[in-house]
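Chain and residue survey
Single-letter residue listing:
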Amino acid sequence: MRIAVIDEAEAKAQLGALAEILMQSIEDGALVGFVLPFGAEQAQSYWQGIFPFVADGERLLICAYLDGNLVGTVQLYLSPEPNALHRAEVYMLLVHRDFQRQGIGSALMASVEDEARKRKRTLLLLDTAEGGASERLYRRMNWQQVGVVPHHFVDPLGKPKASIYFMKHLTL
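Since this is a predicted model, take the numbers as computed values, not measurements. Within every chain, residues take consecutive numbers counted from 1 along the sequence as written. Local features in this predicted model are restricted to residues whose pLDDT is 70 or higher, and side-chain atom pairs enter the listing and the counts only when it is 80 or higher, whereas totals over whole chains, interfaces and linings include all residues. As a rule here, side-chain values cover all heavy atoms of the structure and leave hydrogens and water aside.

Topic: the overall build of the protein chain
The secondary structure content of the protein chain amounts to 5 helices and 7 strands. Taken along the three principal axes of its C-alpha coordinates, the protein chain extends 40 × 40 × 30 Å. Counting the 172 residues in the protein chain, one finds 44% classified as buried. Two residues qualify as a contact provided that any one of their heavy atoms is within 4.5 Å of a heavy atom in the partner residue. A separation threshold of at least 6 residues defines the contact pool for the protein chain, and within that pool the share at least 24 residues apart is 60%. Reported accessibility uses the Shrake-Rupley method at a 1.4 Å probe radius. Residues are deemed covered only where the shown protein chains occlude them. If you sum the accessible surface of the protein chain, you get close to 8,700 Å²; carbon and sulfur atoms cover 50% of it. Counted as positive: Lys and Arg. Counted as negative: Asp and Glu, with His and the chain ends omitted from the count. Lys charges are placed at NZ, Arg charges at CZ, Asp charges at CG and Glu charges at CD. Computed over 17 positive and 20 negative side-chain charges, the separation of the two mean positions in the protein chain equals 7 Å. The secondary structure listing takes helices from DSSP runs of H or I that are at least 4 residues long and strands from runs of E that are at least 2 residues long, numbered from the N terminus. Type-normalised accessible area, obtained with a 1.4 Å probe on protein chains alone, sets the label of each residue: buried when under 20%, exposed when over 50%, and partly exposed for intermediate values.

Some details on the sheet that holds strand 7 (residues 160-169)
Within the open sheet, the 7 strands sit side by side as 1-2-3-4-5-7-6. Their pairing is mixed. Edge positions in the sheet fall to strand 1 (2-6) and strand 6 (144-154), since each has one partner strand and no second. Pairs of neighbouring strands in the sheet enclose a mean axial angle of 25°, with direction left out of account. Any two strands are treated as partners once DSSP identifies two or more bridges connecting them. Note that strand 6 and strand 7 share 7 bridges and pair antiparallel. Bridging across to strand 7, V149 finds its partner in S163. Whenever a helix is involved, its axis is fitted only over the stretch in contact; in every case the axis is a line through C-alpha atoms, and angles between N-to-C directions fall within 0 to 180 degrees.

What to know about helix 5 (residues 133-140)
By the burial criterion, the buried members of helix 5 are E135, L137 and Y138. The buried residues of helix 5 occupy an angular sector of 160° when projected down its axis, which confines them to one face. Where helix 5 is buried, its residues touch strand 4 (87-95), helix 4 (104-118), strand 5 (123-129) and strand 7. Phi for N142, located one or two positions after helix 5, is positive at around 65°. In this description, the arc belongs to the directions extending from the helix axis to the C-beta atoms.

A few points about the pattern of salt bridges
Salt bridges, as used here, are contacts in which a Lys or Arg side-chain nitrogen is within 4 Å of a carboxyl oxygen on Asp or Glu. Under the definition given, this model contains 9 salt bridges. A salt bridge links D28 to R97; its shortest N-O distance comes to 3.0 Å. Taken together, the positions of D28 in the loop between helix 2 (15-27) and helix 3 (40-55) and R97 in the loop between strand 4 and helix 4 put the pair 69 residues apart, joining distant regions of the chain. Look at D28 and you get partly exposed, because its relative accessible area is 47%. Residue E113 pairs with R117 through a salt bridge whose shortest N-O separation is 3.9 Å. Within this pair, E113 and its partner R117 are both found in helix 4, separated by 4 residues, close to a single helical turn. Relative accessible area serves as the criterion here: at 29%, R117 is assigned to the partly exposed category. Shared partners join several salt bridges into a network, and the residues in it are E113, D114, R117 and K168.

So, unusual backbone geometry
Glycine aside, residues mostly have negative phi angles, and peptide bonds mostly take the trans form. Geometrically, the link from L36 to P37 is a cis peptide bond, its omega value of 0° lying close to zero. Assignment of secondary structure puts P37 in the loop between helix 2 and helix 3. A positive phi angle, near 65°, is found at R101, a position not held by glycine. Here R101 lies in the loop between strand 4 and helix 4. Phi is positive for N142, close to 65°, though the residue is something other than glycine. Following the sequence through the fold, N142 ends up in the loop between helix 5 and strand 6. According to the relative accessible area criterion, N142 is exposed, its value standing at 59%.

Rendered as structure tokens:
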């Protein structure tokens, strides 16, 4: 497995794979901001909207590859505000359904922490759906729960779900 921070050009070259992983994730119930029906055009539009942030360095797009194929991704938003240069937020940890439960999510999250440290970010934040696989992963990786928001969003089928907010302090 290869984990890499990709630039805008590579992200554009991987648009099809990124869109496929996003569509699969939503079909499988991932709570990442979208509801069904959700198709290729919407998925591509989402990623095309992220590309400018990748280009300007505000977001890192970290991807996992197996045998040269993109199989997972996560984003690290680097807070640009002068009073927040010590923190970053984790968005959209997604792993292709055929490659889940193989350590790819853990490897992507370990890379998130490494990349944050390289940029002197010592506080990481994220939110996830209560009761999901991601929650279990974050707990295994020693993230600290800081709160729960009931009925924070709806799942892809429109059912209300709670968000759990997590944080992690990093040492440089």
